[in-house]
Protein chains: 2
Amino acid sequence: MAKEVTNRAENYSQWYNDLVVKADLAEQSAVRGCMVIKPYGYAIWEKMQSVLDAKFKKSGVQNAYFPLFIPKSFFSREAEHVAGFAKECAVVTHHRLMNDPNGKGVVVDPEAKLEEELIVRPTSETIIWSTYKNWITSWRDLPILCNQWCNVVRWEMRTRLFLRTAEFLWQEGHTAHATSEEASAKAYEMVQVYADFARNTMALPVVVGHKSPNERFAGALDTLTIEAMMQDGKALQAGTSHFLGQNFAKSFDVQYTNKEGKQEYVWATSWGVSTRLMGALIMAHGDDNGLVLPPALAPIQVVMVPIFKTAEEHEAILDKMYEIKKELEAAGHSVKVDDRDTLRPGFKFAEWELKGVPVRVAIGPRDLANGTVELARRDTLTKQSASVEGLADTIDALLQDIQQNIYAKAMSFRDANVRKCDSWEEFKTEITKGGFLLCHWDGTAETEQKIKDETKATIRCIPVDSYVCEEEGVDIYSGKPSKQRVIFAISY
Amino acid sequence: MAKEVTNRAENYSQWYNDLVVKADLAEQSAVRGCMVIKPYGYAIWEKMQSVLDAKFKKSGVQNAYFPLFIPKSFFSREAEHVAGFAKECAVVTHHRLMNDPNGKGVVVDPEAKLEEELIVRPTSETIIWSTYKNWITSWRDLPILCNQWCNVVRWEMRTRLFLRTAEFLWQEGHTAHATSEEASAKAYEMVQVYADFARNTMALPVVVGHKSPNERFAGALDTLTIEAMMQDGKALQAGTSHFLGQNFAKSFDVQYTNKEGKQEYVWATSWGVSTRLMGALIMAHGDDNGLVLPPALAPIQVVMVPIFKTAEEHEAILDKMYEIKKELEAAGHSVKVDDRDTLRPGFKFAEWELKGVPVRVAIGPRDLANGTVELARRDTLTKQSASVEGLADTIDALLQDIQQNIYAKAMSFRDANVRKCDSWEEFKTEITKGGFLLCHWDGTAETEQKIKDETKATIRCIPVDSYVCEEEGVDIYSGKPSKQRVIFAISY
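The residue numbers shown here count from 1 along each chain, following its written sequence. In the order they appear in the text, chains get letters beginning with A and ligands get numbers beginning with 1. Two thresholds apply to this predicted model, a pLDDT of at least 70 for residue-level local features and 80 or more for giving and counting side-chain atom pairs, whereas whole-chain, interface and lining totals are computed over all residues. Side-chain metrics rest on all non-hydrogen atoms present in the structure, leaving aside hydrogens and water.

I'm lost on the overall build of chain A in this one. Help?
For chain A, the count of helices and strands is 14 helices and 26 strands. Taken over C-alpha atoms, the radius of gyration is set against a globule rule of 2.2 Å times the number of residues to the power 0.38. Computed over the C-alpha atoms, the radius of gyration of chain A is 26 Å, within 12% of the 23 Å expected from 2.2 N^0.38 for a compact globule of 492 residues. Its C-alpha atoms give chain A principal-axis dimensions of about 80 × 70 × 55 Å. When a residue's accessible area, from a 1.4 Å probe over protein chains only, is under 20% of the maximum for its type it is buried; when over 50% it is exposed; and in between it is partly exposed. Looking at chain A as a whole, 59% of its 492 residues qualify as buried. Residues count as neighbours in contact if any of their non-hydrogen atoms are within 4.5 Å of one another. Intrachain contacts of chain A at a sequence separation of at least 6 include 68% that bridge at least 24 residues. Think of it this way: any DSSP run of H or I at least four residues long counts as a helix, any run of E at least two long counts as a strand, and we number them from the N terminus.

Okay, structure coming up:
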């Protein structure tokens, strides 16, 4: 094989980095903490965008675009919000460079200092609510349902490709409503959109739940989350939807006249998923040979590799392949014929396995004569012979089966790694083994913090689906009464 | 009418601003020079993106994503390039805010000063070529054909919505090639992609040509452009494609081993169009009633307005409209039924005219009884009666006709405002009347500059299509020999 990937068992973290870099998804850039998303990685992100964007639009959301920069004074208006983001802000202070008077290249022109510093958006609630103020007068102007696809910057000190980068791409939805109930329902609706996308498109069995107050978005009254389990047993927060109450409306004085003619503050939600989803996708499904992509997100769903000795054989097989390709493309599949004549089939097999292509079609001279092909599926690494006759249908069924199997596999893994835990002693051991621990919690931030300090485990969510958690019990740590179990885990 | 628009004849510039703001396309934000693109405006931009993106992909280009920030030292490596952009850069100098020790909100943390300042990309040649260095070793790695859709920042002092903003959205393609010929051909191919898009999707009759050396992109050996004429006779540069030679390859030491085993510098192109296209679209086709959108870019192609007196009539007409809507949508058209019962039809007509919706369908009780509708076309403001029977086909034909008519209208306007000019005295008068002047030019930057100083006119391009310009003559200003005419105009 050209590019060796570290084994998961050996070094999971290195395995992840190997996959990202060697499968040509992304790489570190020359700018600290910022990544370059390479074409193959970006093609997956584009597929994610396209599926999500259609779901947003179906729910009545429209796209818009708001400024990259946020004046410092806006940023500071909501107290919790600024406290949450102030420590990791890229700050623009000047608007011009000049030739160094000492002749050493270019320097910042001290004369071009901004009157007020601008923050590169880490999230856009403040600039958007300062805009909504001008859009909202009466109940007739509500609801406003906007989303933007953009880049944001959070100056993280320890970065990892896709999972935690200084700049990342995301979408952020920001809605404005007349009532608390409507806003709250929208926040719930959007986390369900994310869950549906994660499960059916990413093949990722996520748990939907509420964040504990400690883990909420800075400025939110409630944060809903989808939590996924990675193959090392750690949790990964894959998307969040926030009910913001009237916090931002009050900070930016956004009021509307209700049907009774009275002034009221507007209710808000915001919700987002980011290129972090790429990290989740890689870590949930990959194996020691490389990526395993669900067909719904694979830029190439079917790759065809000719097996040949002579140039004549090569040509004859390629002809057949282009014929099959046309048929598969007509059926809506994305297909690549690997016609490089300088590489051995084994090398190509390994390369496309590394890149996670769901189905590989190999054709040799004997297949050509017999009207058959060899089909290999990436998820199980198994092979079968198939007739060229009806191949589009065979492959269509195979892709569906792969999509479902990848989900089922991830679900069994999760099932095998979720367990109830009712004693603190047991918890301290069990948490080091990874997985989700369903434990009683007394609902206090104090207990949560102590558990985190002692074990690094956090409450990933208070589930609203997947597990029946409502029951009386006693907190695993404090021994105080608890009304339901929550998920504790070590997380990314 | 709810929202009055200034007449073009009265104040063209104010008319433009009125259209942008009152048709809900965009507005100024609280951040100097940065705009908010509102949902209706963004929907047009999304349509532009979708058509262009498909064309790029068809030409073999893949999308990718490169960092927002560029280290100052990279930015300065290509001398002409930095000279071209240094005066309008947003510079990030710090990465953290802190509570003001004097208790006055938050301030920039002086401890968090960056070792090296980061420039918010005004364009990405430098960061991309520093990346390509790692991607290119041999001729086998070439060509590289990448594009990114992103935001860029140029700190313009005088801004106008869409036409010139500090932050704007665009796409930038960056390609790397083994030979000068191949790169040069790619630059030409991409300007043709833009011209095709402008003509067939935007209904904008553009002239393709080379920029004069004075007007080239900072760092390019050749800049190709598409130039459009606005209704005030000014020129608008709508897209550019640059042949960069080996300038960036040399600045970032990007060499490849050719088939003979020798090291050579790589050849480059870059090409981009931006949200400025929105400005071109508005100014080229709008009239005193508002926007006129070509059907290919209209977020709503058909709007239906019921005419009714009683609630029963309203309901019966709406039922019919939803039935027609389904049919039209099945035929691939985007349709809106304006079912608001609190607004008069006249108000709605004016609103949808302002928003440039190509076709309006009105149905009153008598139409309902007769099985007819009233069709109004936005481009000509004419009305006709049509049968409900076969309406989808009627509207399909109408939309095609509107698309062609808008183009034809813009083309006649341009034809009426392009003229040859062979005397300097005449030039000085003619240029004040607007339009494109086809004049002989001696090819020197000096003459071009003098003409600009005296009249504000610049060479918009040395045409490669639209007009036959190659002929012997004498420069209009210097009287020196000239080999061809070029287009002079006052531009945006």
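How do you make sense of unusual backbone geometry when you look at a structure like this?
What you tend to see is this: most non-glycine residues have negative phi, and most peptide bonds are trans. Residue and element names in this part refer to chain A. Omega for the bond connecting leucine 142 with proline 143 falls within 30 degrees of zero, at -5°, which places this linkage in the cis form. With respect to the helices, strands and loops of the structure, proline 143 is situated in the loop between helix H5 (125-135) and strand S9 (144-153). Phi angles above zero are rare outside glycine, and phenylalanine 162 is one such case at about 70°. Residue position: phenylalanine 162 is located in the loop between S9 and strand S10 (167-177). Even without glycine at this site, aspartate 253 takes up a positive phi of about 50°.

Explain the confidence of the model for chain A here, please?
Note: predicted coordinates in regions of low pLDDT should not be interpreted at a detailed level. pLDDT runs from 0 to 100 and stands for how confident the predictor is about each residue. Scored by pLDDT, chain A comes out at a mean of 96, with 100% of its residues at no less than 70. Of the two predicted TM-score estimates for the complex, the pTM is 0.97 and the ipTM is 0.97.

What is the right way to look at the relation of the copies chain B and chain A in this model?
The two chain copies are connected by a rotation around an axis plus a translation along it. Superposition of the copies was done by least squares, using only C-alpha atoms of residues whose pLDDT is at least 70 in both. Of the two same-sequence chains, chain B is brought onto chain A (RMSD 0.0 Å, axial shift 0.0 Å) by a rotation of 180°. The superposition operator between the copies reduces to a two-fold rotation axis. The C-alpha atom lying nearest the rotation axis in chain B is that of valine 92 of chain B; the distance is 2.1 Å. When the interface residues of chain B are mapped onto chain A, 100% of them are again interface residues, pointing to one common binding face.

Looking at this structure, I do not really get the packing of helix H1 (residues 12-22) of chain A against helix H8 (residues 276-285) of chain A. What am I missing?
All names here are of chain A. Axis lines are fitted to C-alpha atoms, over the contacting stretch for helices. Their N-to-C directions set the angle, which ranges from 0 to 180 degrees. With their axes 10 Å apart at the nearest point, H1 and H8 run at an angle of 115° to one another. Crossing handedness for the pair H1 and H8: right-handed. For the pair H1 and H8, the contacting residues are Tyr12, Trp15, Tyr16, Leu19 and Val20 in the first and Gly279, Ile282 and Met283 in the second. Here the nonpolar group is Ala, Val, Leu, Ile, Met, Phe, Trp, Tyr, Cys and Pro; Asp, Glu, Lys and Arg are the charged ones; every other residue, Gly included, is treated as polar. Tallied by class, residues from the contact of H1 with H8 come to seven nonpolar, one polar and no charged. For any helix crossing, the convention is left-handed if the near helix is rotated counterclockwise from the far helix by under a right angle, and right-handed if that rotation is clockwise.

Is there a simple way to explain the side chain of aspartate 222 of chain B in this structure?
Residue and element names in this part refer to chain B. Mapped onto the elements of the fold, aspartate 222 is located in strand S12 (residues 222-229). It turns out aspartate 222 is buried and unbridged, and the closest side chain with the opposite charge, arginine 216, is 4.6 Å from it. If we ignore the near neighbours within four places in the chain, the residues touching aspartate 222 are His210, Arg216, Ser241, His242 and Phe243. For the charge count, each Lys or Arg is scored as positive and each Asp or Glu as negative, with His and the chain ends excluded. What makes a salt bridge here is a side-chain nitrogen of Lys or Arg within 4 Å of a carboxyl oxygen of Asp or Glu, nothing more.

How do you make sense of the environment of leucine 118 of chain B when you look at a structure like this?
The topology assignment puts leucine 118 of chain B in strand S8 (residues 113-120). When the C-alpha positions of leucine 118 of chain B and isoleucine 70 of chain B are compared, they lie 5.4 Å apart, and in sequence the two are 48 residues distant.

Would you take a moment to explain the sheet that holds strand S20 (residues 372-377) of chain B for this structure?
Paired through their backbone hydrogen bonds, the strands of a sheet run either parallel or antiparallel. Residue and element names in this part refer to chain B. A pair of strands is treated as paired once DSSP finds two or more bridges between them. Taken in spatial order, the five strands of this open sheet run S18-S17-S19-S20-S21, and their pairing is mixed. The sheet is open, and its two borders are formed by strand S18 (335-337) and strand S21 (382-387), each paired with just one other strand. Each neighbouring strand pair of the sheet contributes to a mean axis angle of 25°, computed without reference to strand direction. In the sheet, strand S17 (residues 302-306) pairs with S18 via three bridges, with the strands oriented parallel.

Looking at this model, I keep getting lost on the packing of aromatic side chains. Mind explaining?
Aromatic ring pairs are reported here in terms of the distance separating the ring centres and the angle at which the planes meet. Note on aromatic contacts: the rings of Phe and Tyr and the six-membered ring of Trp form a pair at centre separations within 6.5 Å, being stacked when their planes are under 30 degrees apart, edge-to-face when over 60 apart, and tilted otherwise. Considering all chains together, one arrives at 34 aromatic pairs over all chains under this definition. Where phenylalanine 69 of chain A meets tryptophan 155 of chain B, the ring centres are 6.4 Å apart and the plane angle is 50°; that geometry is what we call tilted. Highlighted residues: phenylalanine 69 of chain A in strand S4 (residues 69-71) and tryptophan 155 of chain B in the loop between strand S9 (144-153) and strand S10 (167-177), drawn from two different chains. On the accessibility criterion, phenylalanine 69 of chain A (0% relative accessible area) is buried. Exposure remark for tryptophan 155 of chain B: the relative accessible area of 5% places this residue in the buried category. Every member of this aromatic cluster is reached through a ring pair, and the members are Trp45, Phe56, Trp149, Tyr194 and Trp271 of chain A. Working rule: Lys NZ or Arg CZ, within 6 Å of ring centre, within 35 degrees of ring normal, means a charge sits over the ring. Here the guanidinium or amino end of arginine 8 of chain A rests over the ring plane of tryptophan 15 of chain A, the centre of that ring lying 6.0 Å away.

Can you walk me through empty space enclosed by the protein in this structure?
Regions of empty space are outlined by a rolling probe, equal in size to a water molecule, passed over the atoms. Cavities and pockets were defined on a 1 Å grid built over protein atoms only: a cavity is a set of grid points that admits a 1.4 Å probe from which the probe cannot escape, a pocket is an open set flanked by protein on both sides within 12 Å along at least five of seven lines, and lining residues are those with an atom within 4 Å of any such point. Grid points are joined across faces, edges and corners, and a volume is the space filled by probe spheres set on the points. According to the stated counting rule, one finds four cavities of 30 Å³ or more in the structure shown. As a volume, the largest cavity reaches approximately 40 Å³.

Before we go on, may I ask you to explain the domain arrangement of chain A in this structure?
It is common to report an interface's size as the accessible area lost on association of the parts. Boundaries between domains were set according to an automatic or database domain assignment. Along its sequence, chain A is organised into domain 1 (3-285), domain 2 (302-401) and domain 3 (419-489). Distance between the C-alpha centres of domain 1 of chain A and domain 2 of chain A: 40 Å.

Just to check I follow, could you spell out the interface of chain B and chain A for this structure?
Contact residues are listed per partner, giving 59 residues for chain B and 59 residues for chain A. In this assembly, chain B packs against chain A so that about 4,800 Å² is buried in total across both faces, 69% of it on carbon and sulfur atoms. Between glutamate 46 of chain B and lysine 57 of chain A there is a salt bridge whose closest N-O contact spans 3.1 Å. Whenever a nitrogen or oxygen atom comes within 3.5 Å of another N or O atom, the pair is scored as a polar contact, on the condition that within protein one atom can donate a hydrogen and the other can accept it, and that pairs from neighbouring residues in sequence are kept only if both atoms are in side chains. Summed over the shared surface of chain B and chain A, the result is 28 residue pairs in polar contact (both at pLDDT 80 or more). Here strand S5 (residues 91-94) of chain A pairs with strand S5 (residues 91-94) of chain B via three bridges, running antiparallel. Opposite valine 91 of chain A, over in S5 of chain B, you have histidine 94 of chain B as the bridge partner. Here the buried area means the combined drop in accessible surface, using a 1.4 Å probe, for two parts upon being joined, counting both sides.

What exactly am I supposed to notice about the sheet that holds S5 of chain B here?
Taken together, the six strands give an open sheet; going across it, the order is S4(A)-S8(A)-S5(A)-S5(B)-S8(B)-S4(B), and neighbouring strands pair in antiparallel fashion. Across the chains shown, the open sheet's two edge strands, defined by having one partner strand only, are S4 of chain A together with strand S4 (69-71) of chain B. Within this sheet the neighbouring strands show an average axis-to-axis angle of 45°, counted without direction. Taken together, the three bridges between S4 of chain A and strand S8 (residues 113-120) of chain A define a ladder with antiparallel strand orientation. Bridged to phenylalanine 69 of chain A within S8 of chain A is valine 120 of chain A.

Help me understand helix H9 (residues 311-330) of chain A, please; the structure alone is not making it clear to me.
All names here are of chain A. For H9, built from 20 residues, the straight-helix expectation of 28 Å at 1.5 Å per residue is met to within 8% by its first-to-last C-alpha distance of 29 Å. Tucked into the core, H9 has its buried residues touching strand S17 (302-306), strand S18 (335-337), strand S19 (359-363), helix H11 (365-370), strand S20 (372-377) and helix H12 (391-416). Among the residues trailing H9, glycine 332 stands out with phi positive, at a value near 90°. Given the number of residues in a helix, its expected span is that number minus one, multiplied by 1.5 Å.

Could you clarify how one ought to interpret the nonpolar core in this entry?
Generally speaking, soluble globular proteins have nonpolar side chains that are buried together. Among the nonpolar cores identified, the biggest contains 98 residues, and Phe69 and Trp129 of chain A together with Phe69 and Trp129 of chain B are the most heavily contacted of them. Each residue touching phenylalanine 69 of chain A, except ones within four places of it in the same chain, is listed here: Val92, Leu118, Ile119, Val120 and Ile127 of chain A together with Val31, Cys34, Ala90, Val120, Val153 and Trp155 of chain B. By convention a nonpolar core is built from buried Ala, Val, Leu, Ile, Met, Phe, Trp, Tyr and Cys residues, the set being connected through side-chain atoms within 4.5 Å.

Explain the pairing of strand S19 (residues 359-363) of chain B here, please?
For a regular strand, the rule is simple: side chains alternate between the two faces of the sheet. Within S19 of chain B, five of the five residues are buried, which leaves it mostly tucked inside the rest of the structure. A two-sided burial pattern is seen for S19 of chain B, the buried positions comprising Val359, Val361 and Ile363 of chain B on one face and Arg360 and Ala362 of chain B on the other.

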